[in-house]
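# Architecture at a glance
Spelled out from the first residue to the last, the chains are:
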Amino acid sequence: MGNDQKDRYDAIVVGAGPGGCTAATLMARSGLRVVLLEKERFPRDKICGDAISGKSVGVLKELGLLEKTEQAESIVSWGATFSSPRGDEVSIPFTNVLDRPTPPGFVCARTEFDEILFDAAVDSGVEVRQDTRVTGLLRNGQTVIGVSMSTPDNREESIDAPVTIGADGAYSVVSRELGINQLDERHYVAGIRAYYRNVSGFHERNYIEIHFVDEVLPGYFWIFPMANGGANVGLGMLSSLIKKKNIRLKELLEHMTKRSRFAHRFEHAEKLAPTKGWGLPLGSRPRPMAGDGWMLVGDAASLIDPFTGEGIGNAMVSGMKAAEWVSRAVSERDFSKSFLSGYQDDVLGQLKSELRLGQNMQRLLNWKWLLNQVIAKASRSPDMSRAISYMFEDMSEREKLVSPLFYLRLLFA
Ligand SMILES: Cc1cc2nc3c(=O)[nH]c(=O)nc-3n(C[C@H](O)[C@H](O)[C@H](O)COP(=O)(O)OP(=O)(O)OC[C@H]3O[C@@H](n4cnc5c(N)ncnc54)[C@H](O)[C@@H]3O)c2cc1C
């Protein structure tokens, strides 16, 4: 590190996914000097279902990026179709307000979506370094004071800043270097994704599809419609179960598209690229998120919804909060663990009950008979499907999903 580097940055952000770009953009917009380090070069892929939920839409709005996302190669999705192991199906709108001005959700390939966020960081004055892989942390005692990295021409360099934000995803180098446990198989899902063209049978309003099938429970098989006749198809399962049952995910996905009750929908479909897999660290066990001179956001902090597998929204929300706390830390000149732990309290204050609900919902998936009954009933009852629709929009309504009373009323209605 040369002396000219000293005091050059207020914050280092490692990883330019949704969490890192949100944090970096907001910090730069509030006048902080930020460097964003990314090991890939944009546009880059991220293995994902590509479903951008209402929570992400809220942050996109705050960032002023909603219009850009609408104009990108994305589609608006207005609801979700669920199917039970027995084969019943129910289609539920995300909102009871049809054609409201703000779309309830999108499906947008991450090559496109992440580039919108990355461009916003660049436009906001963040100094970005692509093809730059962070390899370790610099420390002064317990305090993180910067990072070491390998540059595009393979040189080892280091930079310092009073705070480093690890937004480097499921296999976070920052959290590994901090000695934070990486993989707890009971709180970790392995997911695989494939892109197709010409899958048939989608809902006319681009509903995403979540299928609870015997072979994948307590995970699910998804088929999400995409722009230009494309589809994102995949499945995710708890790692502990994959290991216990010795499941080969790619073979299972082949089975779903070629030999299951969904096979007819893939009759004229063309697979566009090889199937790829990636990890999902679940928010049923979030990692420590802050310490002396460091913070973690998004997947690096293990914040994925344990039931739905959604992590983009929580990455963006935690990125937003990280930016707020770094701004405060800069004005207070306090980057200590005791100050920055306010960030962790803030994130968990917003997400904890939601993540707990997700974990309880994930457990309910072990009760196959209940799942069969609930989906069968909901498919016959417009009142029930309307009630579930309210749950997409309202967290307090969603809490009812883990109340025994809700199921008793449903089953005996
Ligand atoms: C199969 C699958 C399906 C999913 N489907 C959905 C879905 O439909 N909807 C949803 O909301 N969520 C979904 N998720 C979860 C979602 O993909 C993640 O939660 C989200 O990408 C987290 O964002 P992030 O910014 O924390 O990390 P990431 O998006 O992983 O970004 C991390 C960034 O850090 C960079 N990086 C990593 N290491 C280094 C390093 N050492 N140095 C520099 N840069 C580094 C990476 O290149 C990357 O750009 C899915 C996940 C999987 C695996």
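The structure under discussion appears in the preceding block.
Residues numbered from 1 in each chain as written. Predicted model: local features only at pLDDT ≥ 70, side-chain atom pairs only at ≥ 80, totals over all residues. Heavy atoms only, no water.

## Concerning the site of the ligand
Stated precisely, the cut-off is as follows: What makes a residue near a molecule or strand is one non-hydrogen atom of that residue sitting within 4 Å of it. We call two N or O atoms a polar contact when they sit within 3.5 Å, provided that within protein one can donate a hydrogen and the other can accept it, with sequence-adjacent residues counted only if both atoms are side-chain atoms. All accessibility values rest on the Shrake-Rupley procedure with a 1.4 Å probe; residue burial counts only the protein chains present in the view. Under the DSSP-based scheme used, a helix requires at least four consecutive residues in state H or I and a strand at least two consecutive residues in state E, with every element numbered from the N terminus. Residues are grouped as follows: nonpolar covers Ala, Val, Leu, Ile, Met, Phe, Trp, Tyr, Cys and Pro; charged covers Asp, Glu, Lys and Arg; every other residue, Gly included, is treated as polar.
The full set close to the ligand counts 39 residues, and Gly19, Glu38, Gly49, Ala51 and Asp299 are the nearest of them. Contacts to the ligand include Ala51, whose backbone N or O atom sits 2.9 Å from a nitrogen atom. At 2.9 Å from a nitrogen atom of the ligand is found a main-chain nitrogen or oxygen belonging to Val134. Isolated, the ligand exposes 1000 Å² of accessible area, and the fraction of that covered by the protein chains is 95%. Those elements that provide at least two residues to the shell around the ligand are helix H1 (18-29), strand E9 (133-140), strand E15 (220-225), strand E18 (276-281) and helix H8 (312-332). For the shell around the ligand, the leading source of residues is E18, giving 3 residues. Here the residues of the shell around the ligand are counted per class, giving 17 nonpolar, 11 polar and 11 charged.

## Comments concerning the sheet that holds strand E11 (residues 156-160)
Quick reminder of the rule: A strand pair is defined by DSSP finding two or more bridges across the two strands. Fitted lines through C-alpha atoms give the axes, limited to the stretch in contact for helices. The angle between two N-to-C directions lies from 0 to 180 degrees.
Read from one edge of the open sheet, 3 strands run E9-E10-E11, paired in antiparallel fashion. Each edge of the sheet is formed by a strand with only one pairing partner; in this case those strands are E9 and E11. This sheet shows a mean twist of 30 degrees between the axes of neighbouring strands, independent of strand direction.

## As for the packing of aromatic side chains
The condition is simple: Stacked, tilted and edge-to-face pairs are distinguished by plane angle, under 30 degrees for stacked and over 60 for edge-to-face with tilted covering the rest, among Phe, Tyr and Trp rings (Trp via its six-membered ring) whose centres lie within 6.5 Å. Here the term buried applies to any residue with accessible area under 20% of the maximum for its type, exposed to any over 50%, and partly exposed to those in between, with areas from a 1.4 Å probe on protein chains only. Whether a charge sits over a ring comes down to the Lys NZ or Arg CZ being within 6 Å of the ring centre and within 35 degrees of the ring normal.
This model, assessed by the stated rule, comprises 11 aromatic pairs. With 6.4 Å between their ring centres and 5 degrees between their planes, Phe82 and Phe212 make a pair best called stacked. Here Phe212 lies in the loop between strand E14 (208-211) and E15 and Phe82 lies in strand E5 (residues 79-83), a separation of 130 residues in the sequence. Accessibility assignment for this pair places Phe82 and Phe212 in one class, buried. Three or more aromatic residues joined by ring pairs form one cluster here, namely Phe82, Phe212, Tyr220, Trp222, Phe224 and Phe307. The cationic tip of Arg205 hangs over the ring face of Trp78; the distance from NZ or CZ to the ring centre is 4.6 Å. The side chain of Arg265 reaches across the aromatic face of Phe202, ending 5.4 Å from its centre.

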